[in-house]
Amino acid sequence: MKKFTRILVFALIAIVFLGTFVYLYQRSRPKVEKYEEVSPTIGDLMKTTIITGKIVPRDEVNIKPQISGIISELYKEAGEQVKEDEVIAKVKVIPEMGSLSSAQSRVRLSEINLKQAQTNFDRQKTLYEKKLVSGEDFDQVKQALDQATEEMAASRDALEVIRDGVSRSNATASSTLIRSTISGLILDIPVKVGNSVILSNTFNEGTTIATVADMNNMIFDGNVDETDVGGLSEGMPVKITIGALQDLTFEARLEYIAPKAVEMSGANQFQVKAAVNVPEEQNIRSGYSANAEIVLQSATQVLTIPESAIEFTNDSSFVYLVDKDGAYTKKAVQTGISDGLNIEIKSGLSTSDKIRGSKIIESKQ
């Protein structure tokens with residue numbers, strides 16, 4: 001029994017050793033590479049670039065107040081149409097105490113001046129009627145009364161504007177009524193009744209009451225890499241695809257290419273804009289993500305081969321011709337445009353040639 005066990009152990013060891021030897025032998029055998037054989041064909045090529053961006057209105061305006069205060073009423077909501085000069089909101093004025101005090105002081109002073117001018121006028125009028133003063137002196141007193149009267153009206157208007165935001169003389173042009181400066185769609189109203197707002201000035205951009213845009217005039221706004229911008233020119237046709245509307249494409253025309261690059265994510269990008277032709281029945285929302293496809297180069301009915309069959313060395317291009325015996329011969333060719341899959345062959349090949357294509361299999365002998 002022991003003898004049988006020893007024989008079995010030695011047999012197992014021999015099998016393992018032999019299996020290992022066979023495995024290592026197979027691993028050491030040279031591999032044979034096989035390739036597809038392809039023939040040049042006649043076809044059309046287009047070199048395109050895809051630009052990412054978004055669809056936005058050409059004219060988008062932020063409506064800001066002409067006076068600081070508190071929103072007392074809102075007459076419109078986001079999504080509503082508004083016409084130019086139509087009222088969107090009303091502001092209740094909270095006067096600044098220093099300005100209010102100055103305006104009140106100006107009114108009191110103008111009242112004193114007007115009273116004195118009226119007294120002088122009445123006195124001079126009596127003397128003029130008795131022909132005791134000249135007409136020239138009377139005219140000067142009358143002019144002083146007119147000036148004092150005008151100053152009184154102006155000071156009262158100024159006080160009413162500071163205190164109430166509107167005066168009786170310009171009630172139709174009240175600065176407390178926030179009006180749209182263009183006709184279009186209200187995209188956003190970021191304020192609510194009770195919010196404080198401030199007017200725009202040199203030191204502050206002011207509070208945006210509403211954002212209004214003309215949705216009938218849309219553009220594509222995107223950025224293109226510096227490697228592709230050299231092939232673009234204004235007026236080129238563009239095909240727009242919107243991410244939210246996958247089944248629809250829109251025609252556009254390139255109308256702006258930025259003269260200066262902006263660095264984005266470590267790469268130089270140039271802003272581009274294209275006017276989009278949107279059908280009237282199609283509802284396009286502001287800010288839709290979109291892709292713009294632009295044809296940089298095209299060639300029709302040219303000799304093409306798969307670009308994977310080309311070997312590039314420095315500035316030269318080569319292919320491997322397949323002879324009758326199946327051997328490969330390296331040959332220089334002149335290439336043209338490429339669409340990323342196929343490439344144009346300007347010289348060096350004909351449709352009757354066969355060339356080595358992509359590697360298809362690796363096997364052991």
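If you're wondering where the values come from, they're calculated on a predicted model, not measured in any experiment. (Residues numbered from 1 in each chain as written. Predicted model: local features only at pLDDT ≥ 70, side-chain atom pairs only at ≥ 80, totals over all residues. Heavy atoms only, no water.)

**Q** Help me get a handle on the sheet that holds strand β6 (residues 87-93), residues and values and all.
**A** Read from one edge to the other, the open sheet built from four strands follows the order β7-β6-β4-β9, with strand pairing classed as antiparallel. Two strands bound the open sheet, and with one partner strand each, they are β7 (177-179) and β9 (196-197). Two strands pair when backbone bridges link them, and β6 and β7 are joined in this way by three bridges, in the antiparallel orientation. Looking across to β7, one finds that V87 is bridged to R179. (Pairing = 2+ DSSP bridges. Helix = DSSP H or I, 4+ residues; strand = E, 2+ residues; numbered from the N terminus.)

**Q** I'd like a rundown of the confidence of the model for the protein, residues and numbers included.
**A** Counting all residues, the mean pLDDT for the protein is 84, and 87% of those residues have values of 70 or more. Within the protein, strand β10 (residues 210-213) carries the highest mean pLDDT (95), whereas strand β21 (residues 355-364) carries the lowest (67). (pLDDT = per-residue confidence, 0-100.)

**Q** Report on the pattern of salt bridges, specifying residues and quantitative values.
**A** All told, the structure shown has seven salt bridges when counted by the stated rule. Ionic pairing is found between K76 and E86, a salt bridge with its closest N-O pair at 2.7 Å. Within this pair, whereas K76 is found in the loop between β4 (69-74) and β5 (81-82), its partner E86 is found in the loop between β5 and β6, the two being separated by ten residues in sequence. Taking relative accessible area as the criterion, K76 reaches 16% and is therefore assigned buried. (Salt bridge = Lys/Arg side-chain N within 4 Å of Asp/Glu carboxyl O. Buried < 20%, exposed > 50% of the residue type's maximum accessible area, 1.4 Å probe, protein only.)

**Q** An account of the nonpolar core is needed here, citing residue identities and associated values.
**A** Ranked by internal contacts, the top residues of the largest apolar core, which has 29 residues, are I55, F220, L232, I240 and I242. Secondary structure elements with two or more residues in this core: β2 (41-57), β11 (218-225), β12 (237-242), β13 (245-257), β15 (267-276) and β16 (288-306). Dropping the residues within four chain positions of it, I55 is found in contact with M218, I219, F220, I240, I242, V276, I284, R285, S286, G287, Y288 and A290. Within the second largest apolar cluster, 16 residues are counted, among which are V93, I189, I209 and V212. (Core = buried A, V, L, I, M, F, W, Y, C linked by side-chain atoms within 4.5 Å. Contact = heavy atoms within 4.5 Å.)

**Q** Kindly report on the environment of V141, identifying the contributing residues and their values.
**A** Inspection of the secondary structure puts V141 in helix α3 (residues 135-164). Not counting residues within four places of it along the chain, the set of residues in contact with V141 comprises N120, F121 and Q124.

**Q** Report on the pairing of strand β8 (residues 184-188), specifying residues and quantitative values.
**A** Here two bridges tie β5 to β8, and the two strands are oriented antiparallel to one another. Opposite V82, over in β8, you have G184 as the bridge partner. In this sheet, β10 lies alongside β8 in antiparallel orientation, the contact comprising three bridges. Paired with L185 across the strands is A213, a residue of β10.

**Q** With reference to specific residues and values, describe the sheet that holds β8.
**A** If you walk across this open sheet you meet the four strands as β3-β10-β8-β5, and the pairing is antiparallel. With partners counted over all chains shown, the strands left at the sheet margins are β3 (60-63) and β5, one partner each.

**Q** Outline the environment of S200, supporting the account with residue identities and numerical values.
**A** For S200, the position within the fold is in the loop between β9 and β10. Using a relative accessible area of 41% as the deciding quantity, one classes S200 as partly exposed. Along the chain, S200 and Q66 lie 134 residues apart, while their C-alpha atoms are 7.1 Å from each other. Not counting chain neighbours up to four residues away, the residues in contact with S200 comprise K64, P65, E205 and G206.

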